[in-house]
Amino acid sequence: MPALRLLLTACCLLPAAWTSIALAAPAASGELVRLDATRSEVGFRVKVMWLLGVRGRFGRVDGSVSVDPFRNQLRVDARIDVANVRMNSRSYEDWVKSDEFFDASAHPQITFASAPFPRARLRAGGDLSGELTVRGIRQPVRFDLQPSTCERPAFDCPIRVNGEIRRSMFGMGSHRGTIADTVELDFIVYAVPPERGTTAPPTPG
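Residues numbered from 1 in each chain as written. Predicted model: local features only at pLDDT ≥ 70, side-chain atom pairs only at ≥ 80, totals over all residues. Heavy atoms only, no water.

Enquirer: Account for the overall build of the chain, naming residues and giving values.
Expert: Summing up its helical and strand segments, the chain has three helices and twelve strands in all. Within the span of the chain, comprising 205 residues, buried residues form 40% of the whole. For the chain, long-range pairs separated by at least 24 residues make up 60% of all intrachain contacts whose partners lie at least 6 apart in sequence. Counting every atom, the chain has about 11,900 Å² of accessible surface; 56% of that belongs to carbon and sulfur. (Helix = DSSP H or I, 4+ residues; strand = E, 2+ residues; numbered from the N terminus. Buried < 20%, exposed > 50% of the residue type's maximum accessible area, 1.4 Å probe, protein only. Contact = heavy atoms within 4.5 Å. Areas by Shrake-Rupley, 256 points an atom, 1.4 Å probe, with all protein chains shown as cover.)

Enquirer: Residue-level account of the packing of aromatic side chains, with values.
Expert: Taken as a whole and assessed by the stated rule, the structure comprises eight aromatic pairs. Where Phe143 meets Phe187, the ring centres are 5.4 Å apart and the plane angle is 45°; that geometry is what we call tilted. One end of the pair, Phe143, is in strand β10 (residues 137–145); the other, Phe187, is in strand β12 (residues 179–189), with 44 residues separating them in the sequence. Summarising the burial analysis for this pair, Phe143 and Phe187 share the class buried. Taken together, the aromatic side chains of Phe44, Phe58 and Phe102 make up a single cluster linked through ring pairs. (Phe/Tyr/Trp six-rings, centres within 6.5 Å; stacked < 30°, edge-to-face > 60°.)

Enquirer: Outline the nonpolar core, supporting the account with residue identities and numerical values.
Expert: Core analysis: the biggest nonpolar cluster contains 44 residues, and Phe58, Phe102, Leu132, Phe143 and Leu185 have the highest contact counts within it. Top contributing element to this core by residue count: β12, with five residues. Setting aside residues up to four positions removed in sequence, Leu132 forms contacts with Ile110, Thr111, Phe112, Ile137, Arg138, Gln139, Val141, Phe143, Ile165, Phe170 and Leu185. (Core = buried A, V, L, I, M, F, W, Y, C linked by side-chain atoms within 4.5 Å.)

Enquirer: Lay out the pattern of salt bridges with the relevant residues and their values.
Expert: One pass over the full model with this rule turns up 13 salt bridges. In this structure, the salt-bridge partner of Glu151 is Arg123, at a minimum N-O distance of 3.4 Å. Of this pair, Glu151 sits in the loop between β10 and β11 (159–166) while Arg123 is found in helix α3 (residues 121–124), placing the two residues 28 residues apart along the sequence. Judged by its relative accessible area of 58%, Glu151 is exposed. Residue Arg160 pairs with Asp186 through a salt bridge whose shortest N-O separation is 3.1 Å. On the criterion of sequence distance, the pair formed by Arg160 in strand β11 and Asp186 in strand β12 is long-range, its members being 26 residues apart. (Salt bridge = Lys/Arg side-chain N within 4 Å of Asp/Glu carboxyl O.)

Enquirer: Go over the pairing of strand β3 (residues 52–57), please, and point to the residues and values.
Expert: The sheet contact formed by strand β2 (residues 41–48) and β3 spans six bridges and is antiparallel. Across the sheet, residue Lys47 finds its bridge partner in β3, namely Gly53. Where β3 and strand β6 (residues 86–87) come together, two bridges link them in antiparallel fashion. The residue bridging Arg57 from the neighbouring strand is Arg86, located in β6. (Pairing = 2+ DSSP bridges.)

Enquirer: Give a detailed account of the pairing of β12, specifying residues and quantitative values.
Expert: Along a regular strand, successive side chains alternate from one face of the sheet to the other. Of all the eleven residues making up β12, nine are buried; the element is thus mostly covered by neighbouring parts of the structure. Looking at chain direction, β2 and β12 are connected through seven bridges and run antiparallel. The residue bridging Phe44 from the neighbouring strand is Leu185, located in β12.

Enquirer: Describe the side chain of Glu93, naming the residues involved and giving the relevant values.
Expert: Counting through the fold element by element, Glu93 comes out in helix α2 (residues 90–97). In this structure Glu93 is buried but unpaired, with Arg90 as the nearest side chain of opposite charge at 4.4 Å. A distance of 2.9 Å separates the side chain of Glu93 from the backbone nitrogen of Met87, its partner in a polar contact. In contact with Glu93, not counting residues within four places along its chain, are Val85, Arg86 and Met87. (Lys, Arg positive; Asp, Glu negative; His and termini not counted. Polar contact = N/O pair within 3.5 Å; in protein donor to acceptor, adjacent residues only side chain to side chain.)

This is the structure we're talking about:
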């Protein structure tokens, strides 16, 4: 009889236990902060004839920052619009969107997925490694995360990231005699501010 009573008690408690676990799961995964597409931008620069630097800016920058509150880490996932690149010349815009370069018709987005990094690095600066996908080709990259000068990086001031990639790593091998293989990238990233009365998850603690 005591064994039967114990079994019945366990059966009654199991649903409540599973409910508690299910409710706890979202908190364990951390929070998600959206990138502010209205203020974020990514620019590029490549040298032509090894002297003249040609500059441009990609279109809309979307994505999110995943916050792991237990490890105090962040991870960035960004999508960069190639189809609406902006340059000083329409002919240049058409050229860099062609299949010789970014091939925007077949691959309208560049994606970047960072490796997890310490939250405090937003303030101090340091390496930002991850994977960049251009023209459907994914390659490991390492960028430089610049130090921030405000209390709430990504909200009150931008997160700035600089780096370089090689065209040849992403299948862009044309005009090697006149256009440099190295492309400089400059990220200016903001996040959507938290609602009033809530905290800003990416801000270093």
